[in-house]
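The primary structure of each chain is shown beneath.
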Amino acid sequence: MIEKIVVLEVVLPLLAAPVCVLVRHPRLCRLLSLGVVAVCFGIAVAALLEVRGGGVISYQLGGWPPPLGIEYRVSTVNAYLLALVTAMALVVFSFDSRGGPPRVPERRRHLYYAVFLLSISGLLGMTITGDAFNIFVFLEISSLSSYILVSLGGHRRAVLSAFHYLVMGTIGGVFFMLGVGLLYQETGTLNLRDIAARLEPALDDRGTVLALALLVVGISIKLAVFPLHHWLPNAYSFAPPKVSAFLAATATKVSFYLLATILFTVFGAPFVFGELRLQAVLLPLSVLAMFLASGAAIFQTDLRRLLAYSSVAQIGYMTLGLSTANATGLAGGMVHLFNHAVMKGGLFLVVACLLYRVGSVHIDALAGIGRRMPLTSAALVVGGLSLIGVPGTVGFVSKWYLVAGALERGWTAAAVLILLSSLLALVYVGKVVEAVYFRKPAETQPIDHVREAPLGMLAPTWALAAAAVFFGLTTDWTYGVAREAAELLLAGGI
Amino acid sequence: MSLTEAISGLWAYWLLIALMMVGLYIVIARNNLIKKVMGLNIFQGAAILFYVTMAKVDGGTAPIVPHDPAHPGGHAGHEVLYSNPLPHVLMLTAIVVGVATTALALALAVRIHGDYGTAEEDEAVSMDHG
């Protein structure tokens, strides 16, 4: 049964998008989207339960057997991602933003849902497919729709940021396409597993190395690896808050999965990390991201920009886990992918609540808001503590395994740097918490009229904040699955 | 491979590397949003040409199965050398992606021009900082 329906993960949102365009009714479209992502989440969880412990679901599109046909292949690695993306989509869609994005008039709002569904469809497609060119197509579907989503933000800078994002994203996409082309030239196939099997004798070829370089750079742009992260702070801080929450929680995570699949499954860890020593590039960049992006976050005066820079730093932790290339470190990176999605998604939803009630998320404007919006502010604190990595939150779990992985690899300095960079997180989170709870509101900006955010906003926000604590205490479902995924990746499987 | 072989045998690749770098340079160096879009198009076009180039088989014909009157409904028994059709098919998709990207980029450029009154990127950015 489940083998037949995994394809619906992509098909349902892809079909629901044009239905939204035809229905033209904002509330119906919202319900439809919510229903679709709920069904997708159900399927993803069922698939994850099915494949845990080493199972694989293979779906052949159109009945054409791989490697000739396109294969949708679900293993623990991508079932984990499917569950994450659909769960985040579900939470974000259930967030009642009271009127949608500011730039979209009521009579056009059905298009906003259509684009959102396309973006989800693209992300799920990238995750589920086992075909290299199919990944490129879904990558572009998700990217094109996220450029549109980003451009809907309230400030005019949103459109400019979307343009930037488009330019960077397209360059990344073309690099990816060239990499796939070179792999096709080397192997004559597009099926990822088939490429991996046929690449073995061609590993020394210059074309293979060039393909790896193009793929890594292309994906790194999408993933916002440190020096290629320039599009991210603007895109996340000017996009509508719900969009920021969704993209921060999913888009970069799927890119991370893609990078891990390309490196470990297609090229194989012995070649990438043994012969080419990619860690010599990836590790310094990760550490730079952890420090410079966290440092930049400290100096931000806008909460959204602060969180966006913090995202760049968190991506540094993930790529650090990746570059250890051992089970503990890679599992640390994989578990941080989930954990960061939960906490950053939650924090961006807090931003959405604050924007709705206060109208600004400038840190000075938030002075004293803790008294007026206690529940929202408490969620902010939970997310913030998790960013720092306080025990009892998800952030602690990821950092624990990242440090363990670095030590296992013999990188004592990297382990120390992970801990030191947490201090920077303490500074930027502390700055926000200090303003929210301990600073007196400015006389020019009275906050007496500010009330607690409505339940439709608080419930999803607190669902993520509660998840940040719950999964900080119970790690079987997060680290357990991530560990299994990491071992599968290191063994070269998907 | 000697240098002359690398130049004469792979001239198409050299050409499209040059084209790609021209595109990338325009994207980086030009401030005008429309010129940036043009640069992106050249960049994408070079990547599409790369696929088309690698599909070419020396002496190969168009990949159409020749009709053999001796076997109605069947195909000719003799071997025919084809160019590889698969990369061409892939590029149909890539061209569609390129068109969609261009359309969206131009739409965004129109919106930026409407909001800022300029299509120069640096001017628009400085307006918000000034």
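Since this is a predicted model, take the numbers as computed values, not measurements.

Let's talk about the overall build of chain A
Each helix and strand counted, chain A has 21 helices and two strands in total. Taking 23 Å as the expected radius of gyration for a compact globule of 494 residues, we find that chain A reaches 21 Å, a close match to that expectation. Across its three principal axes, chain A shows a C-alpha extent of roughly 70 × 55 × 40 Å. With 494 residues in all, chain A has 64% of them scored as buried. Counting only contacts in chain A whose residues sit at least 6 apart along the sequence, the fraction spanning at least 24 positions is 80%.

A few points about the overall build of chain B
Scanning chain B for helices and strands turns up five helices and zero strands. Within chain B, the proportion of its 130 residues that are buried is 23%. For chain B, long-range pairs separated by at least 24 residues make up 51% of all intrachain contacts whose partners lie at least 6 apart in sequence.

Looking at the interface of chain B and chain A
Each side of the interface is counted separately: chain B has 27 residues, and chain A has 22 residues. Looking at the side of chain B that touches chain A, the elements with two or more residues in it are α3 (33–55), α4 (85–116) and α5 (121–129) of chain B. With 14 residues, α4(B) is the single largest residue contributor to the side of chain B that touches chain A. Grouping the constituent residues of the side of chain B that touches chain A by class yields 20 nonpolar, three polar and four charged.

Considering α4(B)
All names here are of chain B. Taking 1.5 Å of rise per residue, 32 residues should cover 46 Å, and α4 covers 46 Å from first to last C-alpha, within 8% of that figure. Among all positions in α4, only P87, L90, M91, A94, V97, G98, T101, L104, A105, L108, A109 and I112 are buried. Count one or two residues on from α4 and you reach G117, which has phi positive near 75°.

Observations concerning the environment of G55(A)
Residue and element names in this part refer to chain A. Within the element layout of this structure, G55 appears in the loop between α3 (26–51) and β1 (57–60). By C-beta crowding, G55 is classed as partly exposed, having 15 other C-beta atoms within 10 Å. Spatially, the C-alpha atoms of G55 and S75 are 6.4 Å apart, while their sequence positions differ by 20 residues.

Regarding the packing of helix α5 (residues 109–128) of chain A against helix α11 (residues 241–267) of chain A
All names here are of chain A. At a minimum axis separation of 10 Å, α5 and α11 run at an interaxial angle of 15°. On the basis of their axis angle, the class for α5 and α11 is roughly parallel. Of the two elements, α5 crosses α11, and the hand of that crossing is left-handed. Contacts from L123, M126 and T127 of α5 reach α11 at T250, A251, V254, Y257 and L258. A class-by-class count of the residues in the contact of α5 with α11 yields six nonpolar, two polar and no charged.

Considerations on the environment of L117(A)
Position of L117(A) relative to the elements: it lies in helix α5. In this structure, L117(A) is in contact with P13(A), A16(A), A17(A), C20(A), S33(A) and V36(A), ignoring residues within four places of it in sequence.

Some details on the environment of G430(A)
With respect to the helices and strands, G430(A) occurs in helix α19 (residues 412–438). Here the alpha-carbon distance between G430(A) and Y401(A), two residues 29 residues apart in the chain, equals 24 Å.

Let's talk about the packing of helix α2 (residues 8–23) of chain A against α5(A)
Residues and elements named next belong to chain A. Relative orientation of the contacting elements α2 and α5 amounts to 165°, with a least axis distance of 8 Å. As the angle between them shows, α2 and α5 are arranged roughly antiparallel. The crossing of α2 and α5 is left-handed. Listed contacts from α5 to E9, V10, P13, L14, A16, A17, C20, V21 and V23 of α2 are H110, L111, Y113, A114, L117, L118, I120, S121, L124, G125 and I128. Classifying every residue of the contact of α2 with α5 gives 16 nonpolar, three polar and one charged.

A look at the nonpolar core
Residue and element names in this part refer to chain A. Among the nonpolar cores identified, the biggest contains 231 residues, and A47, Y80, M88, L117, F163 and A482 are the most heavily contacted of them. Residue contributions to this core peak at 19 residues, all from helix α7 (residues 157–187). Apart from the residues lying within four places of it in its own chain, the contact partners of A482 are Y80, A331, M334, V335 and F338.

Quick notes on the confidence of the model for chain B
In low-pLDDT segments, the atomic positions of the prediction should not be examined closely. Residues at a pLDDT of 70 or more form 89% of chain B, whose mean pLDDT is 86. Across the interfaces of the predicted complex, the ipTM metric reaches 0.91, alongside a pTM of 0.94.

Looking at the pairing of β1(A)
Residue and element names in this part refer to chain A. The alternating pattern of β1 places I57 and Y59 on a buried face and S58 and Q60 on a face that is not buried. In this structure, β1 lies alongside strand β2 (residues 71–74), joined through four bridges in antiparallel fashion. Pairing of Q60 across the sheet is with E71, part of β2.

Quick look at unusual backbone geometry
All names here are of chain A. Of the consecutive residues P66 and P67, the connecting peptide bond is found in the cis state with omega at 5°. Secondary-structure assignment places P67 in the loop between β1 and β2. Although it is not a glycine, A224 sits at a positive phi angle of roughly 65°. Along the polypeptide, A224 turns up in the loop between α9 (206–223) and α10 (231–238). Backbone geometry places R277, a non-glycine residue, at a positive phi of 55°. One can find R277 in the loop between α12 (269–275) and α13 (279–298). According to the C-beta neighbour criterion, R277 is exposed, with 12 such atoms within 10 Å.

With respect to α13(A)
Residues and elements named next belong to chain A. Taking 1.5 Å per residue as the helical rise, α13 with its 20 residues ought to reach 28 Å, and the 28 Å between its terminal C-alpha atoms agrees with that figure. By the burial criterion, the buried members of α13 are Q279, L282, L283, S286, V287, A289, M290, A293, S294 and A297. For α13, the secondary structure elements touched by its buried residues are α12, α14 (303–324) and α19.

What counts as what
Sequence order sets the numbering: in each chain, residues are counted from 1 along the sequence as written. All chains are assigned letters beginning with A, and all ligands numbers beginning with 1, in the order in which they are written. pLDDT decides what is reported in this predicted model: residues at 70 or higher carry local features, side-chain atom pairs at 80 or more are listed and counted, and totals for whole chains, interfaces and linings draw on all residues regardless. Elements are defined by DSSP. Helices are runs of H or I of four residues or more, strands are runs of E of two residues or more, and each kind is numbered from the N terminus. It is over C-alpha atoms that the radius of gyration is taken, and the globule rule equals 2.2 Å times the number of residues to the power 0.38. Using C-beta atoms placed from the backbone, we call a residue buried if 20 or more other C-beta atoms fall within 10 Å of its own, exposed if 12 or fewer do, and partly exposed for counts in between. We call two residues in contact when their backbone-placed C-beta atoms lie within 7 Å. Put simply, Ala, Val, Leu, Ile, Met, Phe, Trp, Tyr, Cys and Pro go in the nonpolar bin, Asp, Glu, Lys and Arg in the charged bin, and everything else, Gly too, in the polar bin. A helix is expected to span 1.5 Å multiplied by its residue count minus one. In this analysis, axes come from line fits to C-alpha atoms, helices being fitted only over the stretch in contact, and the angle between any two N-to-C directions falls in the range 0 to 180 degrees. Angles are sorted into four bins: roughly parallel if under 35 degrees, roughly antiparallel if over 145, roughly perpendicular if 65 to 115, and oblique for all others. Crossings are assigned a handedness: left-handed for a near helix turned anticlockwise from the far helix by less than a right angle, right-handed for a clockwise turn. Each nonpolar core consists of buried Ala, Val, Leu, Ile, Met, Phe, Trp, Tyr and Cys residues. Their C-beta atoms, within 7 Å, join them into a set. Scored from 0 to 100, pLDDT records how confident the predictor is in each individual residue. Strand pairing is assigned whenever DSSP identifies at least 2 bridges connecting the two strands.

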